[in-house]
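For reference, the chains in residue letters:
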Amino acid sequence: MNKWSRLRYSPCLPIGKDGRRITGSDEHIRLSREAAAEGMVLLKNEKRLLPLRDGKRIAVFGKAQYDYVKGGGGSGDVTVDHVTNIYEGLKIKESEGKICVYDGLIDFYKNESERQYSCGTHNGMTSEPELPQELLDKAAAYTDTALITICRFSGEGWDRKGKPQDGDFYLSAQEEKMIDSVLDRFKNIIVVINAGAQTDSEWYHSNDRISSVLYAWQSGMEGGLAIADIICGDVTPSGKLADTFAKRFFDYPSSDSFEESEDYVKYYEDIYVGYRYFETIPGADKKVNYPFGFGLSYTDFEISDINAYLNENTINVSASVTNTGKTYGKEVVQVYYSAPQGKLGKPSRELAAFKKTDLLAPGETRKVYMAFPVYDMASYDDTGKIKMSSYILEKGSYRFYVGNSVRNTVKADFEYIIDNDIITEQLTQQAAPCKLEKRMLSDGSFENMPSYKNNTKRSEPEPLAAEAPNSPAMLIDVCEGKVSLDSFIKQLTDDELIGLVYGQPNTGVADTYGMGNLGKYGIPNVMTADGPAGIRILPDRGVTTTAFPCATALACTWDPELIYRVGKAGAKEAKENNIGIWLTPAMNIHRNPLCGRNFEYFSEDPLLTGKMAAAKVRGIQSQHIAASAKHLCANNKEVNRMDSDSIVSERALREIYLKGFEICVKESQPWTVMSSYNLINGARASENYDIITNILRNEWGFKGMVTTDWNNHADECKELLAGNDIKMPFGFHEQIKEALAEGKITRSDIEVCVKCILEMIMKLD
Ligand code: BGC
């Protein structure tokens, strides 16, 4: 097919071998199931109750067996052909003779769920129905083993609830009642949680009556089957937590201020997010039920022969992993460093590298190798304690810990010792806060923060040094090297230029609008589509796609190669449906469990976030589809997301909230980045010159195009001046024209944005 044929004419042509459609194909659905099982985390398995085998009888409780949630709502949703729920997944295993499922309960749960749906309740938001005594009695007569299911749903534009018994972070009163009655009657108890983010873990952690807990996340369209794969031991669990599971909601340091105001969020805990808080702040270790990186297997592993050394400013770590148990399995080896406290204060552990093994047979040993630059261990000095606005390796000893969770590690013999502070990068102050009164230090106390003024001077863009071509040129002429892009742009009138810096109408099956669309010059109208769990096409378009597990589940696989495959598969579906830009990966940090969109994001840790996002981007762009790393940045709360100000120190921005984006940009150069809705220290993200031009482009070397998030509240001219190239899904032509006439913006300001947009389009097939 010729370049851009799909983008221009939307032909309905399959791209699979022998003319097969690849969208929602068996192959992709199998991949979704594989990723789902890989990301599930086994939190508890006393007396090795799991896996269930040999036709073991079980009774399944909880409406979640029917009301299974494949993923969150809003732009993160995916329209699918079918969803395999937990009950159905288990019944498939029954048909294979692996377990026997008591059938007397499903009609009750099905009818109750359907009744609530018919009253307008969303799947996953139904309340737990009261279990009739008679059903309980009959189930107890059938078996002594119960599987309790609990599900949660959340979505875009709203946050979750964190009060006891409200049925969100905590169990509802009805769920507690159901669980108590099941605990009373059954000897063996298994729990399966189907949620997109953390929920309360205390009720099963502290209860000896509950033997096994599988945290199954929102695992896509085949999640029920993937759960059954693990319950029956067809897959050995190997997922590891991408977030810390604390004892109570208020144990998370951000919980106190999460709901303080709708207008702002103050990031007082600073860099002490997730395990950086729990592993560092005195006494906080007691608040953890399941630490970051934790996850059980059906087999056992020994990590030995740990070796670390320095070579050319890179720390190299190797270890041997031996499967010492009786069944096949995979282990994730994690390397953490501990930097000297120095003057800046440091988290006592920070993830530096990780590696998941392939499937190891009992008795098999695999050597794993990991490496990272010493400079990655530097901290940012944002108040001038040592050297203002620089990344510094403070003098002292850097220690390395290797293991299978942040808690279960062995210290390597090698230490990286430096006698003097090393400035690894001298930067300039960007996006600093003026209204953050205080921030947390590593001993749990708070220091007062200075109030900074934003003094950034914007540099005028260089005018394009080219003449318009003698005769009209088409964009394809630029691709073929016949005309330079600068010269191509020079021939466009002001109106034509302006028309390129905002979104264009939908064509084909798209529902999130396009970019480009200047037929006169052969610029295709390139369609976009959401979202992190798969290509999202609205139901009325008549196309169903593959729903992969939510991003948190993908992060828990700790397997970038698998995420690459998910990215590649989704990009193929984009291509087949004539979409050019896939609005993923979403990569905000899990600052607090209540953020309504945590399911779309990977982790509380920026390194894991960055590595997973980079892998997905590589997979997507291998198909000549543009990825869009979003939402830059500090979009960690949904309520009033368009106007809420994230008030945060520059250090926390750089080390936590920007770091994942930095890793992703430097490793895989996404062709587009999406700025977020919120304000960052008083300036809207899309109007934020410091973030978009100074940090993203100038410091990190981002070469792509920046889009706004959809229908934001920002001023398009300010956005263009900040380096945000395009406003989506549409813009305000007359406003830009007026600003141009009044000299508020120049033609060069628009030309640089158009250049980024066209460069991105030229990379597409
Ligand atoms: C979301 C983005 C999404 C966009 C387009 C916005 O509401 O925040 O993540 O890509 O809509 O649907």
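Residues numbered from 1 in each chain as written. Predicted model: local features only at pLDDT ≥ 70, side-chain atom pairs only at ≥ 80, totals over all residues. Heavy atoms only, no water.

Chemist: What should I look at first to understand the overall build of the chain in this one?
Modeler: Counting its regular elements, the chain contains 22 helices and 30 strands. In terms of principal-axis extent, the alpha carbons of the chain reach across some 85 × 65 × 50 Å. Residues classed as buried in the chain amount to 65% of the 765 residues present. Of the roughly 26,800 Å² that the chain leaves accessible, carbon and sulfur atoms contribute 48%. Here the chain carries 89 positive and 108 negative side-chain charges, and the mean point of each set is 2 Å from the other. (Helix = DSSP H or I, 4+ residues; strand = E, 2+ residues; numbered from the N terminus. Buried < 20%, exposed > 50% of the residue type's maximum accessible area, 1.4 Å probe, protein only. Areas by Shrake-Rupley, 256 points an atom, 1.4 Å probe, with all protein chains shown as cover. Lys, Arg positive; Asp, Glu negative; His and termini not counted. Charge placed at Lys NZ, Arg CZ, Asp CG, Glu CD.)

Chemist: Please explain the sheet that holds strand 25 (residues 626–632) as it appears in this structure.
Modeler: Read across the sheet, 6 strands follow the order 22-23-24-25-27-30 without closing on themselves; strand pairing throughout is mixed. Taken across any chain shown, the strands that pair with only one partner, and hence form the sheet edges, are strand 22 (514–518) and strand 30 (705–707). Pairing analysis gives 2 bridges linking strand 23 (residues 523–529) to strand 24 (residues 581–582), with the strands arranged parallel. Bridge pairing in strand 24 links Thr-528 to Ile-581. Along the sheet face, helix 22 (residues 747–763) touches strand 22, strand 23, strand 24, strand 25, strand 27 (672–675) and strand 30 and points at about 80 degrees away from the line of strand 23. (Pairing = 2+ DSSP bridges. Contact = heavy atoms within 4.5 Å. Axes fitted to C-alpha atoms, helices over the stretch in contact; angles between N-to-C directions.)

Chemist: I would appreciate a short explanation of the domain arrangement of the chain in the present structure.
Modeler: Interfaces are frequently sized by the accessible area removed from exposure as the parts join. When cut into domains, the chain gives domain 1 (22–268 + 528–535 + 542–725) and domain 2 (275–284 + 291–445). Between domain 1 and domain 2, the contact holds 58 residues from the first and 48 residues from the second. Counting each side, the surface lost to burial between domain 1 and domain 2 is near 4,400 Å², with a carbon and sulfur contribution of 55%. At the junction of domain 1 and domain 2, the tally comes to 6 salt bridges. With its nearest N and O atoms 2.8 Å apart, the salt bridge here joins Glu-331 to Lys-240. Scanning the region where domain 1 abuts domain 2 turns up 34 residue pairs in polar contact (both at pLDDT 80 or more). Sort the elements by how many residues they give to the side of domain 1 that touches domain 2 and helix 17 (residues 650–657) lands first, with 6 residues. Looking at the side of domain 1 that touches domain 2 residue by residue, the classes come out as 28 nonpolar, 11 polar and 19 charged. (Domains from an automatic or database assignment. Buried area = accessible area lost by both parts, 1.4 Å probe. Salt bridge = Lys/Arg side-chain N within 4 Å of Asp/Glu carboxyl O. Polar contact = N/O pair within 3.5 Å; in protein donor to acceptor, adjacent residues only side chain to side chain. Nonpolar A, V, L, I, M, F, W, Y, C, P; charged D, E, K, R; others polar.)

Chemist: Can you help me understand the UniProt feature "domain: Fibronectin type III-like" (unreviewed entry) in the chain in this one?
Modeler: On the UniProt side, "domain: Fibronectin type III-like" (unreviewed entry) is annotated at positions that read residues 331–406 here. A distance of 14 Å separates the end C-alpha atoms of residues 331–406, which is 0% helix and 50% strand. (UniProt positions renumbered as here; feature names shortened; annotations may be inferred.)

Chemist: Just checking my understanding: could you explain the site of the ligand for this structure?
Modeler: With respect to spatial proximity, 13 residues lie near the ligand, and among them Glu-156, Asp-530, Arg-597, His-631 and Asp-709 are the closest. For the ligand, an oxygen atom lies 2.7 Å from a polar atom in the side chain of Arg-597. His-631 is positioned with one of its side-chain polar atoms (N or O) 2.7 Å from an oxygen atom of the ligand. Compared with its free state, where it exposes 310 Å², the ligand has 93% of that area covered by protein. Grouping the constituent residues of the shell around the ligand by class yields 4 nonpolar, 3 polar and 6 charged. (Near = heavy atom within 4 Å.)

Chemist: What's the story with the packing of helix 16 (residues 606–621) against helix 18 (residues 659–668) in this structure? I'm lost.
Modeler: Any two packed helices are characterised by how steeply their axes cross, that is the angle between the axes, and by the distance between the axes. Contact geometry for helix 16 and helix 18: axes closest at 8 Å, N-to-C directions at 35 degrees. Crossing of helix 16 over helix 18 shows right-handed handedness. Every residue of helix 18 that contacts helix 16 at Pro-606, Leu-607, Gly-610, Lys-611, Ala-613, Ala-614, Val-617, Arg-618 and Gln-621 is listed here: Lys-659, Gly-660, Ile-663, Cys-664, Glu-667 and Ser-668. Of the residues in the contact of helix 16 with helix 18, the class split is 7 nonpolar, 4 polar and 4 charged. (Left-handed = near helix turned anticlockwise from the far one by under 90°.)

Chemist: Would you take a moment to explain the pattern of salt bridges for this structure?
Modeler: Close approach of charged atoms allows side chains with opposite charge to pair. Taken as a whole, this structure holds 68 salt bridges when the rule is applied. In this structure, the salt-bridge partner of Asp-229 is Lys-93, at a minimum N-O distance of 2.6 Å. Taken together, the positions of Asp-229 in helix 8 (residues 223–231) and Lys-93 in helix 3 (residues 86–95) put the pair 136 residues apart, joining distant regions of the chain. Salt-bridge contacts for Arg-654 lead to Glu-650; the nearest nitrogen and oxygen are separated by 3.1 Å. Of this pair, Arg-654 and Glu-650 both sit in helix 17, 4 residues apart, which is roughly one turn of the helix. The same class applies to Arg-654 as to Glu-650, namely buried. When salt bridges that share partners are traced, they join Arg-33, Lys-93, Glu-96, Lys-98, Asp-229 and Asp-234 into one network.

Chemist: Looking at this structure, how should I read the sheet that holds strand 3 (residues 99–101)?
Modeler: Strand pairs in the sheet, formed through backbone hydrogen bonds, run parallel or antiparallel to each other. Here 6 strands make up an open sheet; going across it, the order is 1-6-5-4-2-3 and the pairing mixed. Strand pairing shows two members of the sheet lacking a second neighbour, strand 1 (41–45) and strand 3, which therefore form its edges. Strand-to-strand twist across the sheet, computed as the mean angle between neighbouring axes with direction ignored, equals 20 degrees. This element, helix 3, spans strand 2 (56–61), strand 3, strand 4 (145–151) and strand 5 (188–194) of the sheet and lies at about 135 degrees to strand 3.

Chemist: Please clarify how the side chain of Arg-439 should be interpreted in this entry.
Modeler: Following the sequence through the fold, Arg-439 ends up in strand 20 (residues 438–440). Separated by 3.5 Å, the side chains of Arg-439 and Asp-270 make a polar contact. Setting aside residues up to four positions removed in sequence, Arg-439 forms contacts with Tyr-268, Asp-270, Asp-382, Thr-383, Ser-445, Phe-446, Glu-447, Met-449, Ser-649 and Arg-651.

Chemist: When you look at the packing of aromatic side chains in this model, what are you seeing that I'm missing?
Modeler: Aromatic ring pairs are defined here through the distance separating the ring centres and the angle between the ring planes. Inspection of every chain in the model, using the stated rule, returns 26 aromatic pairs. Taken together, a centroid distance of 6.1 Å and an interplanar angle of 40 degrees make the contact between Phe-153 and Trp-158 tilted. The exposure class assigned to Phe-153 is buried, which follows from its relative accessible area of 9%. The class of Trp-158 is partly exposed, set by a relative accessible area of 30%. Measuring from ring centre to ring centre gives 5.7 Å for Tyr-252 and Phe-278, while their planes differ by 85 degrees; the resulting arrangement is edge-to-face. Highlighted residues: Tyr-252 in the loop between strand 7 (245–246) and helix 9 (255–258) and Phe-278 in helix 10 (residues 275–278), separated in sequence by 26 residues. Both residues of the pair, Tyr-252 and Phe-278, count as buried. (Phe/Tyr/Trp six-rings, centres within 6.5 Å; stacked < 30°, edge-to-face > 60°.)

Chemist: Would you mind going over helix 8 with me for this structure?
Modeler: Since the α-helix turns once every 3.6 residues, residues separated by three or four places project in the same direction. Judged by how many residues are buried, helix 8 sits mostly within the fold: 9 of 9 residues are covered. Residues of helix 8 that are buried include every one of Gly-223, Gly-224, Leu-225, Ala-226, Ile-227, Ala-228, Asp-229, Ile-230 and Ile-231, and no others. Along its buried surface, helix 8 packs onto helix 2 (26–39), helix 3, strand 4, strand 5 and strand 6 (212–215). Within two residues after helix 8, Gly-233 carries a phi angle of roughly 80 degrees, on the positive side.

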